Amino acid sequence: MESYGAELTSPPLPLVALIGPPEALPPLADYLRTQHTPRLQSLGVPDAHSAAGAFGARKVAPSSAPPAGILKAGWLRKHRTSRPAVAALLVERESVVGDPSSWAWLVSQLDAVRVATKGRGARIVVIITQQAGAAEVPEDRIAMICRQAGIERRCVLTHVPSEGLPALQVVGRVLAEQAALFYATDAQRRLTAHAHRNVPSPDLNLRTAFKLGALAEFRADWSSALRMYGEAYGYLPQILAAAGAQPQRFAEVRAVAEQVHVKLVSLLLLALKQVPEALAQFDTHIRLFRRVPFEAPPGLAASHHAWLCRQHMVLAELLVSSGLGASEQLKREHHPGQLCLAAAQAAIERRKAAAFISGMHGGNAPESPGKVSPGQYVGKVALLPSDPAAAVITASGAALTAALAGLPASGAAAVAGVARRLSEDEFELYLESEECGVQHSKATVDLLRTAQDALARSGRRAGKTLQHCMLLLGHELLEAGDAAAAERLLTQVAGFYRRERWEGPLASALLLLRECHQNTHNLAAHAELSLEVSALEGSALDPEQRSAMATAAAAVLAPLPPLLDLSFGDASSSGGSAASITYQLPALLPEAAQQEQPASPRAGRPPPAAPPVALGWLRGGWAGGRPPFSLAAGFLPGRWQVEVPPQHHPPLLLVQAPESLLQGEQAAVTVTVSVGVHAIQGAVLQAKAVHVDSQQELGLLPTATSLAALTAGTAGAASAASGSPGAAGPGGIATALPPGASSPSSTRASSSAIPAGELRLGDLAAGQRRQLVLLLDARCSGPVDVLVELKYTAASHDVGTPGGTTMPEQGHCTVLLPVQVRVPWRLAVQLLGPPSTHTLLAAAVPAAGLGSSGGGGADGEPGALLAEQTQRLQTMSLQDGQPASAADLGAAADSRDLAMLLLRSLPPSFMAPLLTAELRYPPAATAGQAAALELLLSNGGATNQEVAVSVGDPHGFLLSGPKSTMVQLLPRSATTVTWHAAPYHIGLLPLPDITVTSAQHGQAAPVSRGCTLFVERSPEQVEQPAGLL
């Protein structure tokens, strides 16, 4: 609240000018300010002749020019401090009943007060002070005073100071009544003047409503003030929408909205005690100005974050001031702690924007465009001249020029150009220079500490929010260079998140702790935190980042290959080990290990019978009685996998399929496996197709050629693997036959798909290439995902072992290929014959042989797969590690069109028209004479069709007939829509635009596109030859 003046944060008090001897004013002024209800502020004036400038002058008439701004900057402060509503003239009894010279002095004082208050219509009260026991002032003298000052009888009081509080109460009551009467009259005058304005403007509406609300506050009419302030705020969305992408205008509207909002919320909370309405106003305010409505430059974005920060802090302070800081009725987001945290988050965004601005200027503060001062209106700034003396001379000459031209005073100021409006670029530069002069880190840390204290007082329900606030505070302390304080704070936060088993925030805290240890050069703690972060799946890091972090941590601990598995937890869940880290090579035992560790499998001894979680040993030489990452040390128990890059060259997996299919057809899916420099063993290919909408698995069946090759190799490979009978085939390819596949010589597989879509490829040598062709059963329309996964064991060269032996390594490649299955009759618009005949719908003709093998049949066979359904086969490749070599990419390009061998051309009789539109028209016409246009609509299907016909641009024709109509077509019926078109131009004219739309299926056809009509002159217009004289 310190950033606002008292005129915004407290209700305004009526202002009274006390005119009289200086020694007589303090008792009355103190009583009015401290004891009287309502409170009154006073302004002391020693003599009536010096009061002329205290009341000001009233504007003669409202200007018809558009307003230069929304709210005057000092209007509210001026009326609170320097524009009295009542002039109270204190005179002694002797001046009233004394000699003629005393009465002449009194008359001059009354005339001076009357002249001073006439400009604004301020009320006048005459207070006659006298001693106790003195006689009453004669009524004729009081009547003369009323006539001379132009006031009523009740405005002339007799005051006895020795009577104390009762006498002061009478004076205070009369002054409060006259002040309220003045403010009510002034409000009515302003409302009448606004009604007679001939310049309707939301800016003027908001200004008038705001002033009426302030005048209602002066007279303590809280309900009227609330209504007028609410009306003023209601104009802001309209003004904001009309502002456009103008930063200065947006800043002005935002500042005005802030003043009106603060008046509303303070009135609701402090005066009316309407808490729900105040919180609803705050939510509306933040929702309206949460974001800049255009792409804001950096300076404006930083100032907007500062503005948002201020809004949240003001509400938090108002809630605490009204005694609602710990109220249970408040929502979570409205508690002072939450508001302070939101303000701190806005301050963090402001600091980031300021850092971006500093980086834009090379780390230096941007140069200000000049001396900038606040403007005459709220939210506006003005650029002052660099040479004040020259500006004074220019202003004097401009004032003389304006006076000769008859311009008003505002026009003279504009001509002078003493202070001018900034351009948008200068305004942005000014904002950037202001932001670079703020200590953002200190301000952000102070806000976060305030939020931390407020959340700590909120109790247990703010526990997680408090930890989040402490996490942000630790980050800001680290940014400010205080790594020690950040480490202490983040250690507490990390312990809380470990107890709560909340992996996402825990990873964020650990990453900041890593940075703290990096700044303090504590490499051991940095490596431990790196291993813990890399094992958290709930972190924001992707697998590649976690793998790199784990690899770097292992390299710090010892120069070993990348770790493969991490497991943290107690001894019961880790197979006897408090923590385990799996490596590809034997690791050193920890110095503090108390239990016997298993021997290395690479040393020739088998590993102990332990769960898969205990496959390795703890690496490092940590001192102490407990190893790191144990449950006793406070770490989360459980197991997490860490993705690491492969040590071999992975194979290249290519999948090809048509982009668009027809429902009920079959399409070829080609899978190509290209082995790199490292051979693979036990390769297993899993393929399946899933309908996206229903999650139904579709069939993937091998073609006749692929099935024969795979079946021939099943016996040998299967008997070697599982003891089942079979025979080896060429290339060592094997497959698990589906149940019921009795004979490999059949041209098709059985109706059931491959079990789990699994194909065993066996061992593939380095550089070898295998291709498989599967048939996708597209029985469901819509998107279909084809998922192919290759699992294998690769033998990579291990440089870490003696002799450079090879080590087996598991690997996999995955490809997800989306295809689209379309309903046969929902095709795009087809053109048949001349341009005036269109087919909106068509259907595939059922024929025998549709279920036969896709590889057979001639070009004219109706059951052949459509060659026109695929424009180009899609190819996708996804690898686990190293990029593909040039040889692999070349092999992929060679096999791109393999599936095209199974496709056949589309015969002409394959598509039968269901709904056609034919436009019939004469080839020629005569200007001015109507010609008939007929649209023949035919429904060749077995269902009703609803067709919409609309006419667009007539193209030089006077058209009679339906402009837009809906036609119902019964099954196997036709109807005609007729127009009469009279051309009024000659030559070759295009026909009017006629569009036919199938309402059920959304297919549309411009039936008159490309159709023209030749128009010749009428016989009456042909020029006759002149007769001979």
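Here the structure is shown first, and the text comes after it.
This structure is a prediction, so every number in the text was calculated from the model and none was measured.

Engineer: Got a minute to help me understand the nonpolar core in this structure?
Structural biologist: Grouped burial of nonpolar side chains is what soluble globular proteins tend to show. If you look at the biggest cluster of nonpolar residues, it comprises 161 residues, and the most contacted ones within it are Val126, Ile145, Leu175, Leu206 and Leu269. No other element matches helix H12 (residues 247-271), which puts 13 residues into this core. Here isoleucine 145 is in contact with Val96, Trp103, Leu106, Leu110, Val126, Ile128 and Val156, once residues within four sequence places are set aside.

Engineer: Help me understand the pairing of strand E3 (residues 86-92) in this model?
Structural biologist: For a regular strand, the rule is simple: side chains alternate between the two faces of the sheet. Counting buried residues in E3 gives six out of seven residues, a clear majority hidden from the surface. Where strand E1 (residues 15-19) and E3 come together, four bridges link them in parallel fashion. The residue bridging leucine 18 from the neighbouring strand is alanine 88, located in E3. As judged from the seven bridges shared by E3 and strand E4 (residues 123-129), these two strands associate in the parallel manner. Across the sheet, residue leucine 90 finds its bridge partner in E4, namely isoleucine 127.

Engineer: Can you walk me through the pattern of salt bridges in this structure?
Structural biologist: Side-chain pairs of opposite charge can arise where the charged atoms are in close proximity. Overall, the coordinates contain 19 salt bridges when judged by the stated rule. In this structure, the salt-bridge partner of arginine 249 is glutamate 252, at a minimum N-O distance of 3.2 Å. Of this pair, arginine 249 and glutamate 252 both sit in helix H12, three residues apart, which is roughly one turn of that helix. The class for glutamate 252 is buried, based on a relative accessible area of 1%. In this structure, glutamate 918 and arginine 920 form a salt bridge, with 3.8 Å as the shortest nitrogen-oxygen distance. Taking relative accessible area as the criterion, arginine 920 reaches 42% and is therefore assigned partly exposed.

Engineer: Looking at this model, I keep getting lost on the sheet that holds strand E8 (residues 420-421). Mind explaining?
Structural biologist: One open sheet accounts for three strands, arranged E6-E7-E8; its pairing is antiparallel. On the outer flanks of this sheet lie strand E6 (372-374) and E8, each paired with one strand and no other. As defined by bridge partners, strand E7 (residues 381-383) adjoins E8 across two bridges and the pair is classed as antiparallel. Paired with alanine 382 across the two strands is arginine 421, which belongs to E8. Here helix H18 (residues 424-436) sits on the sheet and contacts E6, E7 and E8; the angle it forms with E7, its principal contact strand, is near 105°.

Engineer: Just to check I follow, could you spell out the environment of leucine 471 for this structure?
Structural biologist: You can see leucine 471 is positioned in helix H20 (residues 463-479). Judged by its relative accessible area of 9%, leucine 471 is buried. Leucine 471 sits 35 residues away from leucine 506 along the chain, and the two C-alpha atoms are 9.8 Å apart.

Engineer: Teacher, can you tell me more about unusual backbone geometry here?
Structural biologist: Excluding glycine, residues mostly carry a negative phi; peptide bonds, for their part, are mostly trans. Residue proline 38 follows threonine 37 across a cis peptide bond; omega there is 0°. Mapped onto the secondary structure, proline 38 falls in the loop between helix H2 (25-34) and strand E2 (41-45). Residues other than glycine seldom take positive phi values, yet glutamine 695 does so here, at roughly 60°. When you line up the elements, glutamine 695 lands in the loop between strand E15 (680-691) and strand E16 (697-698). Residue glutamine 695 is classed as exposed on the basis of its relative accessible area, which comes to 58%. Even without being glycine, histidine 955 reaches a positive phi, approximately 55°. With respect to the helices and strands, the residue histidine 955 is situated in the loop between strand E28 (945-951) and strand E29 (957-960).

Engineer: Please clarify how the pairing of E1 should be interpreted in this entry.
Structural biologist: Burial of E1 is extensive: five of the five residues sit out of reach of the surface. Of the two faces of E1, both are covered, the one formed by Leu15, Ala17 and Ile19 as well as the one formed by Val16 and Leu18. Sheet topology places E1 next to E2; five bridges connect them, and they run parallel. Note that in E2 the partner of leucine 18 across the bridge is glycine 44. In this region the chain leaves E1, passes through H2 and returns to the parallel neighbour E2; the handedness of that crossover is right-handed.

Engineer: Can you walk me through the packing of helix H11 (residues 236-243) against H12 in this structure?
Structural biologist: Between two packed helices, both the angle of their axes relative to each other and the distance between the axes serve to describe the pair. Two numbers describe how H11 lies on H12: the axes approach to 9 Å, and their chain directions differ by 170°. Classified by the angle their axes make, H11 and H12 are roughly antiparallel. Mapping the contact onto sequence places Leu236, Ile239, Leu240 and Ala243 in H11 and Arg249, Phe250, Val253 and Ala257 in H12. In terms of residue class, the contact of H11 with H12 is made up of seven nonpolar, no polar and one charged.

Engineer: What am I meant to see in the sheet that holds E2 here?
Structural biologist: What links the strands of a sheet is backbone hydrogen bonding, and the strands pair in either a parallel or an antiparallel sense. Read from one edge to the other, the open sheet built from five strands follows the order E2-E1-E3-E4-E5, with strand pairing classed as parallel. Each having just a single partner strand, E2 and strand E5 (156-159) make up the two edges of the open sheet. The average undirected angle you get between the axes of adjacent strands in this sheet is 25°.

Engineer: I keep staring at the packing of aromatic side chains and nothing clicks. Help me out?
Structural biologist: Think of a pair of aromatic rings as described by two things: how far the centres are apart, and how the planes are tilted against each other in angle. Summed over all chains, the structure comprises nine aromatic pairs. Between tyrosine 497 and tryptophan 502, the aromatic rings sit 5.8 Å apart at their centres with planes inclined by 85°, giving edge-to-face as the arrangement. A connected cluster of aromatic rings, assembled from ring pairs, spans Phe250, Phe289, Phe294 and Trp307. Over the aromatic face of tryptophan 103 sits the side chain of arginine 141, whose NZ or CZ is 5.1 Å from the ring centroid. In this arrangement the basic side chain of lysine 464 is found over the ring face of tryptophan 502, its NZ or CZ atom lying 5.0 Å from the centre.

Engineer: I tried to follow helix H13 (residues 275-289) on my own but got confused; where do I start?
Structural biologist: Every α-helix winds through 3.6 residues per turn, so residues three or four apart in the chain are directed the same way. Between its terminal C-alpha atoms H13 stretches 21 Å, which fits the 21 Å expected from 15 residues at 1.5 Å a residue. On its buried side, H13 packs onto helix H10 (222-234), H11, H12, helix H14 (298-321) and helix H15 (336-360).

What counts and how
- Residues numbered from 1 in each chain as written.
- Predicted model: local features only at pLDDT ≥ 70, side-chain atom pairs only at ≥ 80, totals over all residues.
- Heavy atoms only, no water.
- Core = buried A, V, L, I, M, F, W, Y, C linked by side-chain atoms within 4.5 Å.
- Buried < 20%, exposed > 50% of the residue type's maximum accessible area, 1.4 Å probe, protein only.
- Helix = DSSP H or I, 4+ residues; strand = E, 2+ residues; numbered from the N terminus.
- Contact = heavy atoms within 4.5 Å.
- Pairing = 2+ DSSP bridges.
- Salt bridge = Lys/Arg side-chain N within 4 Å of Asp/Glu carboxyl O.
- Axes fitted to C-alpha atoms, helices over the stretch in contact; angles between N-to-C directions.
- Right-handed = clockwise from strand over helix to strand, strands pointing away.
- Parallel < 35°, antiparallel > 145°, perpendicular 65-115°, else oblique.
- Nonpolar A, V, L, I, M, F, W, Y, C, P; charged D, E, K, R; others polar.
- Phe/Tyr/Trp six-rings, centres within 6.5 Å; stacked < 30°, edge-to-face > 60°.
- Lys NZ or Arg CZ within 6 Å of the ring centre and 35° of its normal.
- Expected span 1.5 Å × (residues − 1).

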